[in-house]
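Here are the chains, one letter per residue:
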Amino acid sequence: MSIVIPSFDDSVIVRSGDAEVIGRAPTTVKLLADSSSTGGALSTIQVALKDGANGAAPHHHAGSAELFYVLGGTVQVLSGDTVVTADRGDLVVVPPNLTHAFAAAPGEDADLLIVITPGVERFEYFRHLERIAYGKAAPESLLEVQEIYDTYFSASAAWEAARTV
């Protein structure tokens, strides 16, 4: 196992009003810190989901762990074959190579802080997702960039069952 030694000299400070926001309700993503600003230490975003909205489909990261901290509301997180329901103040950390997904629980809102470590440049990934949502890029174009963003999609019967309530 290799250890990532971050390389940056100044604190990273992102004011809420200065952060770029991607999407619109029911799903918005606030881009907080990308890998390049933290010397590779982490990438972090805030995701707001309204009324049971989906966040991310089942996927895994080959080289990074992903942390989900629930700032508010109730979220469902797929972790392997288990769907965990997490509430405000709860934390779920998914290791590399484990399939995971997230969404607001049915009928609920959720506000999440998500951290990927070590960091991967992810801001352009979320901009790509926005282009797909607005019909400016084809959904299958994500398959072309899986390696760039260390995001590999997969199927999950457990997730499908949990989300078809």
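The present account deals with the structure reproduced in this document. Treat the numbers as computed from the prediction; the structure is a model and nothing was measured.

## Brief notes about the overall build of the protein chain
What the protein chain contains, in helices and strands, is two helices and ten strands. Taken over C-alpha atoms, the radius of gyration comes to 15 Å for the protein chain, in line with the 15 Å a tight globule of 165 residues would show. With the C-alpha coordinates aligned to their principal axes, the bounding extent of the protein chain is approximately 50 × 35 × 35 Å. When each of the 165 residues of the protein chain is scored for burial, the buried share is 42%. The long-range fraction of contacts in the protein chain, counting pairs at least 24 apart against all pairs at least 6 apart in sequence, stands at 70%. As presented, the protein chain carries roughly 8,800 Å² of accessible surface, and 54% of it is formed by carbon and sulfur atoms. Across the protein chain, the 10 positively charged side chains and the 21 negatively charged ones have centroids separated by 8 Å.

## Here we look at helix H1 (residues 123–133)
Two residues of an α-helix separated by three or four positions point the same way, owing to the 3.6 residues in each turn. Among the residues making up H1, those that are buried are Phe123, Tyr125, Phe126, His128 and Ile132. Looking at the buried side of H1, the elements it contacts are strand E1 (20–24), strand E2 (27–33), strand E3 (43–49) and strand E10 (152–153). Count one or two residues on from H1 and you reach Gly135, which has phi positive near 75°.

## A short note on unusual backbone geometry
The linkage connecting Ala25 with the following residue, Pro26, adopts the cis geometry, with an omega of 20°. Turning to its location among the elements, Pro26 is positioned in the loop between E1 and E2. Notably, Asp51 is not glycine yet its phi reads approximately 50°, a positive angle. Mapped onto the elements, Asp51 comes out in the loop between E3 and strand E4 (54–60). Residues other than glycine seldom take positive phi values, yet Asp150 does so here, at roughly 50°. With respect to the element layout, Asp150 can be found in the loop between H1 and E10.

## Description of the pairing of E1
The sheet contact formed by E1 and E2 spans five bridges and is antiparallel. Across the sheet, the residue bridging to Glu20 is Leu31, located in E2. With antiparallel pairing between neighbouring strands as the criterion, E1 and E2 make up a hairpin whose turn holds two residues.

## Some remarks on the pattern of salt bridges
Under the counting rule described, the total for this entry stands at three salt bridges. Its salt-bridge partner being Arg131, residue Glu124 comes within 3.1 Å of it at the nearest N-O pair. Judged by relative accessible area, which is 34%, Glu124 ranks as partly exposed. For Arg131, a relative accessible area of 32% translates into the label partly exposed. One connected set of salt bridges, linked through shared partners, spans Glu20, Glu124, Arg127 and Arg131.

## Brief notes about the pairing of strand E7 (residues 91–94)
Moving residue by residue along a regular strand, the side chains alternate between the two faces of the sheet. A one-sided burial pattern is seen for E7, the buried positions being Val92 and Val94 and the unburied ones Leu91 and Val93. As paired strands, strand E5 (residues 65–79) and E7 are joined by four bridges and run antiparallel to one another. Looking across to E7, one finds that Phe68 is bridged to Val92.

Rules of the game
- Residues numbered from 1 in each chain as written.
- Predicted model: local features only at pLDDT ≥ 70, side-chain atom pairs only at ≥ 80, totals over all residues.
- Heavy atoms only, no water.
- Helix = DSSP H or I, 4+ residues; strand = E, 2+ residues; numbered from the N terminus.
- Rg over C-alpha atoms; globule rule 2.2 N^0.38 Å.
- Buried < 20%, exposed > 50% of the residue type's maximum accessible area, 1.4 Å probe, protein only.
- Contact = heavy atoms within 4.5 Å.
- Areas by Shrake-Rupley, 256 points an atom, 1.4 Å probe, with all protein chains shown as cover.
- Lys, Arg positive; Asp, Glu negative; His and termini not counted.
- Charge placed at Lys NZ, Arg CZ, Asp CG, Glu CD.
- Pairing = 2+ DSSP bridges.
- Salt bridge = Lys/Arg side-chain N within 4 Å of Asp/Glu carboxyl O.

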